[in-house]
Amino acid sequence: MLVFDQVSKSYKKGAVKAVDDLSLEVRPGEIFGFLGPNGAGKTTSIKMAVGLLRADAGRITISGYDIAKEPLKAKACLGYVPDNPDLYERLTGLEYLNFIADVYRVPADVRRQRISRMLEMFELTNAVGDLIQSFSHGMQQKLALTGAWLHDPDVLILDEPMVGLDPRSAHLFKDLMREHCDRGKTVFFSTHVLEVAEKLCDRIGIIKKGKLIACGSMDELRDQAKNQESLENIFLELTEQ
Amino acid sequence: MSMLFKLVVLNIKNTFGLSVLRDRIRKREKIWQPLLMALLLLYSFGVLSFMFSRLASGLVMAGMQFGQPEIAFTIAIVAIQLVVLIMGLFLVISTFYFSSDLSILVPLPLRPSYIFTSKLATVLINELLTAAFFFVPTVIAYTRFAGGNLVYWLTLLIVFLLVPMLPLAIASVLALGLMKVINRRHRDTLMVIGSLIIVSLSLGLNFFIQASVGDNPAALEEILASRFGLIETVGSRFPGSVWATKAIALAGTGEGWLNLGLFLAMTAVAMLLLMALSEKLFYAGLIGGDEVSRKSKQLSQVQWEAQTSPGSVFAALFWREWKLFIRTPIFALNGFLGALVMPIALIMPFFAQGRGGQLTELMVLVHTEPGSTALTLGVAAIIILLGAMNTIASTSISREGKLFYISKMIPVPAETQARAKLTHAFVGTIISAVPITAFYIFFIKPSLINVVAAVLIGLSGSLLGLAVGLYIDMRWPRLHWTNPQHAVKNNFNAVIPMFLEMAVLGGSAFLAYKLIAAQWSVYLIYTTFLALFSITGLIVFYLTVAAAEKRYHSLDV
């Protein structure tokens, strides 16, 4: 569903390699956690996957569509929430959601049903008629997640989705991710919360200085890291090497 | 004091992107971009200065006839003070109360007046650039006639640096007072009220000055006969302009030093008072300004269904543009205030000087040829200029700022997005055209065909500026701003279409003159312009839309 094939990206005329020959495949029905220290290349990889940055080399496909060659088809198959959910502050929450539903061409009954469900889950029903500028950071994050879910995308790409969510919302959101993948869809997300990644993800990739240094299920990662028990220990061992 | 200095330097670096520029130069990365910008800036400075230099030379020559060539300085200084007062208020309000970096600065252990002053310094630099447009040509025109020694040049420099300070201080006091009075959570209201006050003030002032210019030959003779008489009359309502003028004219003499001292002292007192006032009032109006109350009311079933009903992709994009523009006071005021003020400014001289009779004469003129054709084309030219001045197209990518990622992310062709932006800009231009057209109909009472021609020619002529404006903004958008003001007012992209349209209008005026002289029929002249503008505009419109995909693709966010 989401494939990075030898993807590279550098800045300053090649002096700084942000992403270096990244190859990985996220399969249907899989929740994939993307971990790495600050500045490792997580956000750059994500931005390339959603078409916000151009890769210098390699190929990224979403549901079989190359994001560089068929961007519109690829974008129609994905939902994205950035690390900082900046939204149109001068629109109301519902105006924003309806805008997103219109540009993804979500039919009326489907959009109403999905919006209702998500707003209820995130307890935003009473706030959605207000301007987004009146929303707290967490509320904006919830609204961004609702928008990304509206067209039921094949691939959800989320950069630090748990930041700003209260414990209850975070719990329900994790259930929603699992339910999404149980229907054969894919979730690819970056996080620094290792406990969440450990419990939730089917597979995990660890990136360091632009290179994928480990990838696999928890058991496979344990093998790579001399049988460390927790993901935290594995992460620390692999990234400190 | 060293902390204040550091803060000023930090704010200047941040506002004008100096650190980014230094980084680019050090790494030799895309240096051509700032160089090109500098060249364009120099070019526009040259064009504007050239326009003003002719006026300045004329003023010096006229003043010489009465032995008062310094009148050029008085007029330039008065003009600077008025422009800074009017334009400065917008800049001051947005810089003091809308900058996003304030949330970083306020929690620091710094005195409110320090933060305030450091922000004021950035506004002052902006206003000095504005002042240079008026001041430099005047200096050239006057110095050519009078020459000047070292003291003269030193005085010029001091006066130049001080001139914008007093009007800025007045604008700042107004802003501080308004913010104190208005509920701090209604910052948008502050922006609108502030703008209305300043427009009323400037129009009132204009009315007052024009009304006070009487037709009394004896008094005029007396003014002209005495040394500095004319200067004192012109500058009487503008504190400091006479002192500044005398300081320059009498540089090096005792009287020159005295006038420079007075001007300096007045400015210093105004700035010190402002700093003291800011210590008391700045935080009182600022803190809590980010908070926006929520109604938190559940929508009724009817509201819910209406607000979730589907629409076309194009309509969704258009309404996004429209709502974001109209609901952001800085954008909306920048877009439409000029269109509202223009007709009032045009009609004012007739009433201020009691020349209602001349208006009747004008009406007679427009019902005869070639006056009727010329006036119709003149109204069309104003509509074209207003279209370029509203900057809706030329800042439309920049206005998105960091939210441009949404436009890049959605599965909608960039062509469709560009078409929606241009449609929004065109609708904005239609709205800009309403007051001037209403003024034309109400005061001049032209025939229907002339009204239709003025509107159609004006709107078709605006297409070129809109399309070029959008292309420029797609090519060099200003996406990284901390204050919405930077996206529209401090955005050089907004100025280029105005120059382009001015050049087009210059050529069109020449063509119109030739066609009228060749006795072409009115209908043929109108049709020629309509066809010329429509064809050119539509070609550039479609070229811009066609270029959108490539431009959007090249913008990394």
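See the structure above.
A brief structural summary. This is a predicted model, so every value here is computed, not measured.

So, about the overall build of chain A. Scanning chain A from terminus to terminus reveals 9 helices and 10 strands. Oriented by its inertia axes, the alpha-carbon framework of chain A measures out at about 50 × 40 × 30 Å. Sorting the 241 residues of chain A into buried and exposed places 59% on the buried side. Sequence separation of 24 or more characterises 66% of the internal contacts of chain A that already satisfy a separation of 6 or more. Summed over its atoms, the accessible surface of chain A is roughly 9500 Å², and 47% of this surface lies on carbon and sulfur atoms.

Within chain B, the regular secondary structure consists of 24 helices and 0 strands. Burial status across chain B gives 49% buried among its 557 residues. Accessible surface computed for chain B: about 25700 Å², of which carbon and sulfur atoms make up 71%.

What follows concerns the state of the cysteines. All names here are of chain A. All chains considered together, the criterion is met by 0 disulfides over all chains. C77 takes part in no disulfide bond, and the closest cysteine sulfur, belonging to C181, lies 15 Å away. For C77, a relative accessible area of 13% puts it in the buried group. Of all cysteine sulfurs, the one in C181 lies closest to C201, which takes part in no disulfide; the gap is 9.4 Å.

Here the focus is the side chain of A:S10. Counting through the fold element by element, A:S10 comes out in strand β1 (residues 2-11). A residue is classified by how much of its surface remains accessible, and A:S10, at 19% relative accessible area, is buried.

Right, let's talk about a nonpolar patch on the surface for a bit. A cluster of nonpolar side chains, contributed by B:L18, B:L21 and B:I25, occupies part of the molecular surface with about 240 Å² of accessible area. Among the structural elements, B:I25 can be located in helix α2 (residues 18-27).

Here we take up helix α3 (residues 93-103) of chain A. Because an α-helix packs 3.6 residues into every turn, residues spaced three or four apart end up facing the same way. Most of α3(A) is tucked away: 11 of the 11 residues are buried. Among the residues of α3(A), A:G93, A:L94, A:E95, A:Y96, A:L97, A:N98, A:F99, A:I100, A:A101, A:D102 and A:V103 are the ones counted as buried. Close packing links the buried residues of α3(A) with α4 (108-121) and α5 (137-149) of chain A together with α14 (301-307), α15 (313-326) and α19 (404-409) of chain B. A:R105 occupies a position one or two residues after α3(A) and carries a positive phi of about 55°.

Here we take up the pattern of salt bridges. All names here are of chain A. All chains considered together, the criterion is met by 29 salt bridges over all chains. R203 is paired through a salt bridge with E30; the nearest N and O atoms lie 2.7 Å apart. Of this pair, R203 sits in strand β9 (residues 203-208) while E30 sits in the loop between β2 (16-26) and β3 (31-35), placing them 173 residues apart in sequence. With a relative accessible area of 6%, E30 lands in the buried category. The salt bridge partner of D102 is R111, with a shortest N-O separation of 2.9 Å. Given the relative accessible area of 1%, R111 is considered buried. Among the charged side chains, a salt-bridge network with shared partners connects R114, D152, D154, R183 and K185.

Residue and element names in this part refer to chain A. Spatially, the 6 strands line up as an open sheet ordered β6-β7-β8-β3-β9-β10, and their pairing is mixed. Two strands bound the open sheet, and with one partner strand each, they are β6 (78-81) and β10 (211-216). Strand-to-strand twist of the sheet, defined as the mean angle between neighbouring strand axes without regard to direction, takes the value 15°. Inspection of the sheet shows β3 paired to strand β8 (residues 186-190) by 4 bridges, in the parallel sense. Bridge pairing in β8 places G33 opposite F189. Sheet strands in contact with helix α1 (residues 42-49) are β3, β6, β7 (155-159), β8 and β9, and its direction is about 145° off that of β7. In this fold helix α9 (residues 231-240) packs onto β3, β9 and β10, with an angle of close to 30° to the strand it touches most, β9.

Right, let's talk about helix α21 (residues 448-475) of chain B for a bit. For α21(B), spanning 28 residues, the distance from its first C-alpha to its last is 41 Å, which sits close to the expected 40 Å at 1.5 Å a residue. Of all 28 residues in α21(B), 20 are buried, a share of seventy percent or more.

Let's shift gears to the interface of chain B and chain A. Across the boundary between the two partners, chain B contributes 45 residues, which contact 45 residues of chain A. Between chain B and chain A lies a buried interface of about 4400 Å² when both sides are counted; carbon and sulfur atoms form 59% of it. If you look at where chain B meets chain A, you find 5 salt bridges. For the salt bridge of B:K402 with A:D86, the shortest nitrogen-to-oxygen distance reads 3.7 Å. The tally of links from chain B across to chain A stands at 14 residue pairs in polar contact (both at pLDDT 80 or more). Listing elements by their share of the side of chain B that touches chain A, those giving two or more residues are α14, α15, α19 and α24 (522-554) of chain B. Its residues assigned to classes, the side of chain B that touches chain A shows 19 nonpolar, 11 polar and 15 charged.

All names here are of chain A. Tallying each qualifying case throughout the model produces 25 aromatic pairs over all chains. On the numbers, 5.9 Å between centres and 40° between planes, the contact of F4 with F188 is tilted. Here F4, found in strand β1, pairs with F188, found in strand β8; they are 184 residues apart in sequence, far enough to count as distant. The same class applies to F4 as to F188, namely buried. With 5.1 Å between their ring centres and 40° between their planes, F34 and F188 make a pair best called tilted.

This next bit is on the environment of B:F325. All names here are of chain B. When you line up the elements, F325 lands in helix α15. Judged by relative accessible area, F325 falls into the buried class, the value being 2%. Placed 273 residues apart in sequence, F325 and F52 show a C-alpha to C-alpha distance of 33 Å. Not counting residues within four places of it along the chain, the set of residues in contact with F325 comprises F331, A332, G335, F336, I392, R399 and H424.

So, on to the pairing of β7(A). Residues and elements named next belong to chain A. Most of β7 is tucked away, with 5 of its 5 residues classed as buried. Because side chains alternate across β7, one face comprises the buried residues V155, I157 and D159, and the other comprises L156 and L158, equally buried. As paired strands, β6 and β7 are joined by 4 bridges and run parallel to one another. Residue pairing in the sheet places Y80 in a bridge with I157 of β7. Pairing between β7 and β8: 5 bridges, direction parallel. When the sheet's bridge partners are listed, V155 is paired in β8 with T186. As for the winding sense of the linkage, the β-α-β connection from β7 through helix α6 (residues 167-182) to β8 is right-handed.

Cut-offs applied
- Residues numbered from 1 in each chain as written.
- Chains lettered and ligands numbered in written order.
- Predicted model: local features only at pLDDT ≥ 70, side-chain atom pairs only at ≥ 80, totals over all residues.
- Heavy atoms only, no water.
- Helix = DSSP H or I, 4+ residues; strand = E, 2+ residues; numbered from the N terminus.
- Buried < 20%, exposed > 50% of the residue type's maximum accessible area, 1.4 Å probe, protein only.
- Contact = heavy atoms within 4.5 Å.
- Areas by Shrake-Rupley, 256 points an atom, 1.4 Å probe, with all protein chains shown as cover.
- Disulfide = S-S within 2.5 Å.
- Patch = residues over 30% accessible without salt bridge, like charges linked within 9 Å, V, L, I, M, F, W, Y side chains within 5 Å.
- Salt bridge = Lys/Arg side-chain N within 4 Å of Asp/Glu carboxyl O.
- Pairing = 2+ DSSP bridges.
- Axes fitted to C-alpha atoms, helices over the stretch in contact; angles between N-to-C directions.
- Expected span 1.5 Å × (residues − 1).
- Buried area = accessible area lost by both parts, 1.4 Å probe.
- Polar contact = N/O pair within 3.5 Å; in protein donor to acceptor, adjacent residues only side chain to side chain.
- Nonpolar A, V, L, I, M, F, W, Y, C, P; charged D, E, K, R; others polar.
- Phe/Tyr/Trp six-rings, centres within 6.5 Å; stacked < 30°, edge-to-face > 60°.
- Right-handed = clockwise from strand over helix to strand, strands pointing away.

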